[in-house]
Amino acid sequence: MPVQIVSISPSPTLFLDCHDKGPSTRPFNMPRIRHVATTLLRHNFVTPSAQQITESKHHNSRTIACRLPEEVMRKIFIQCAQLGGGDCESWSWVNISYVCAAWRRFALNAQDLWRYIDFSDPRWHSITFKRAKMSSLHINAHVTDGNVRLLHRTLQLAHRIQDIHLTSPIQKIYPLLEVLAHPNPSLESLVVDIRIPKHCSFVDVYDPPLFPTSGPPLRSLRYMELNGAPFYLLTSRCTSLTQLHLHNLPFTERPTLRYFIFMIEQLVELQHLTLDKAFPINMDSNDIQALERRITLPHLRRITVVGSVSEIGNILDCIKLPPSVLLNCKICTLSDLTINMWKLAQILSIISSAGAEAFPLETLVLSGHESMPRFTDHHLISPEFRQSLRIRAFRADCGRGGAAFDLSIEPEEHNPNDDTMITALTAIWKALSLSQIHTLALQDLDIVTQISWSQFLRTIPSLRILDITGRSPSGLVWALLLNARSHAQALKGDGRAQRLLLPILDDIYLHRVDCSSGGFMVAPTAPVNSHSDLDDSRFLDVLTTSLGERRRFGLRLRSLSIARCEYVRHAAVQAARNAVSHLVCDLRNVNKEDPVEETWPARYCQGWKLNTALRHYHRLRTLVLLDSGSE
């Protein structure tokens, strides 16, 4: 066969000179490259020889990817098909069936694989739809201008559809709303994720439906998730739902309180309910008090609510929760905290008390998080600073199902003040029934002051285990130390001092804690830490001193574990060994020479040494001097 030359470039001027250092300005034209590649294949320029085919087969036979068990290959292919096209509209999962002959053979023999209809291209849609035959279909697609007609025809005419998962911009979902309101009778799962731009006006997002929404019950439909979708997709036909998740319901689509209750109370089999910024329009106290009855969901296992303090409190007031329910709440704004926190705390107290006897809380986990450092290098409040607090309380019967109470305080607005966070934490803490808590875990929580911790510790008399990870809670160890000193003063005849030592701890675990970090001072009239008044008392020094004080009254700690901690002073380890019965310490991180800087004896955030306006104190040293002077 004579040699033929096929030119990919129509003109040599499209290429830069080899000595030109600038970037190439030649456009990447995919249709042009595809046309040239097709021409090469048509003229057999790249047709492999028999020897090349044999070598390729031999190479593939030694490749692990071509020798995987069929069950493993099936899971990989199904995962790829379930992902759909993602953000790439032109990608198709069918491409993986053309990688090699072994993958192609397996794909053709996997009948379940072809149930995932591909809408990235009419050709792939035709192939997958034809090979699915009469099986129940899985529809997972991003709605585009190129596939909206295929989607409409498939949703309307398919024999059986098992689940639907559509992701769409708000402009392209309108043609599909009517067929989604009347889905296939065999449908088991419906997920509609609508992307609404932030600048979009909510006045005319969805028009009222011009079609009826009634019909025979959808007895197979068990799962429904709507994000930014119209509320009328939840119809009276969906009475068999076991999971309902509503997210970001547009304000124009929010129903009245009575209609909302009318729809929810029909879901008698509901087990999981999520209301994420998807509440009725009239949710004030007068409307709730005017209700004839509260919603009763006897099979409810978990309820998740995301919104403001008033929205969460009002919606929980409308639902009668079973004692064994798992409650997840996320407060996304604190603008109405002062006015409405009392109501939310009252409702939480009722829910917690109802299950306290049969399902007592045993483990409490407090987690703090900061999106970025609170202060800039010049010790100014960072405008991008965000902080959150998570409270989780576990029962013995929870297992891996999650916390009985999972309450998050994650304000979206800029809130550099710790006062509101501590106020919300205090209200929630007092509302929960914590008398049977035996384990307290703290994760990166250092904003709670000694005064607040002193109040908290009185409510957990059964506490035996303390687990601290990350940031050092200096307020907690100071509460323990001052509690022990107050008990000593009470024994000397001071009637104003506290006599009872709380709590009676057995074990303390420290993980990844900066043991030389300092704390903050608190003004007598201030509820939060002063970030300009530093307490140079090191965390581990205060902890070991408190343990030594408690030992004097027969409350010697059973064990103290110091694992993977930083800046552990050798003197502090020796003091801890004398204060506890058993000490477990990672000696690799112990500073044996005990280097201490006089001006900065404790450690703080980076950049704070540049601020000369900070005031330094040393509370622990002051207490030692006072004790030595009194003697």
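Residues numbered from 1 in each chain as written. Predicted model: local features only at pLDDT ≥ 70, side-chain atom pairs only at ≥ 80, totals over all residues. Heavy atoms only, no water.

Asker: How should the overall build of the protein be read in this particular structure?
Answerer: In terms of regular secondary structure, the protein is built from 17 helices and 24 strands. Each of the 631 residues in the protein was classed as buried or not, and the buried ones make up 47%. Counting contacts in the protein only where the partners sit at least 6 residues apart, residues at least 24 apart contribute 69% of the total. For the protein, the accessible area works out to roughly 33300 Å², and carbon and sulfur atoms hold 54% of it. (Helix = DSSP H or I, 4+ residues; strand = E, 2+ residues; numbered from the N terminus. Buried < 20%, exposed > 50% of the residue type's maximum accessible area, 1.4 Å probe, protein only. Contact = heavy atoms within 4.5 Å. Areas by Shrake-Rupley, 256 points an atom, 1.4 Å probe, with all protein chains shown as cover.)

Asker: Explain helix 4 (residues 101–109) to me, please; I cannot follow it from the model alone.
Answerer: Think of an α-helix as 3.6 residues a turn; residues three or four steps apart then line up on the same face. Taken residue by residue, helix 4 has W103, F106 and A107 as its buried positions. Each buried residue of helix 4 sits inside an arc of 100 degrees when the element is viewed along its axis, so together they form one side. Among the exposed residues of helix 4, those oriented more than 90 degrees off its buried face are A101, R105 and N109. Those residues of helix 4 that are buried are in contact with helix 3 (70–83). (Arc of directions from axis to C-beta.)

Asker: Got a minute to help me understand the packing of aromatic side chains in this structure?
Answerer: Centre distance and the angle of the planes are the two values used to describe a pair of aromatic rings. Under the counting rule described, the total for this entry stands at ten aromatic pairs. The interplanar angle of 10 degrees and the centroid separation of 4.3 Å between the aromatic rings of W429 and F456 together place this pair among those described as stacked. With W429 in helix 12 (residues 419–431) and F456 in helix 13 (residues 450–457), this pair connects stretches of sequence that are 27 residues apart. The interplanar angle of 80 degrees and the centroid separation of 5.7 Å between the aromatic rings of W453 and F456 together place this pair among those described as edge-to-face. Here W453 pairs with F456, and both are found in helix 13, just three residues apart, close to one helical turn. F456 carries the same exposure label as W453, and that label is buried. Feature note: the residues F77, W103 and F106 constitute an aromatic cluster, connected by ring pairs. Positioned above the aromatic ring of W114 is the side chain of R131, whose terminal nitrogen or guanidinium carbon lies 4.8 Å from the ring centre. The residue whose ring lies beneath R619 is W478, and the NZ or CZ to ring-centre distance is 4.0 Å. (Phe/Tyr/Trp six-rings, centres within 6.5 Å; stacked < 30°, edge-to-face > 60°. Lys NZ or Arg CZ within 6 Å of the ring centre and 35° of its normal.)

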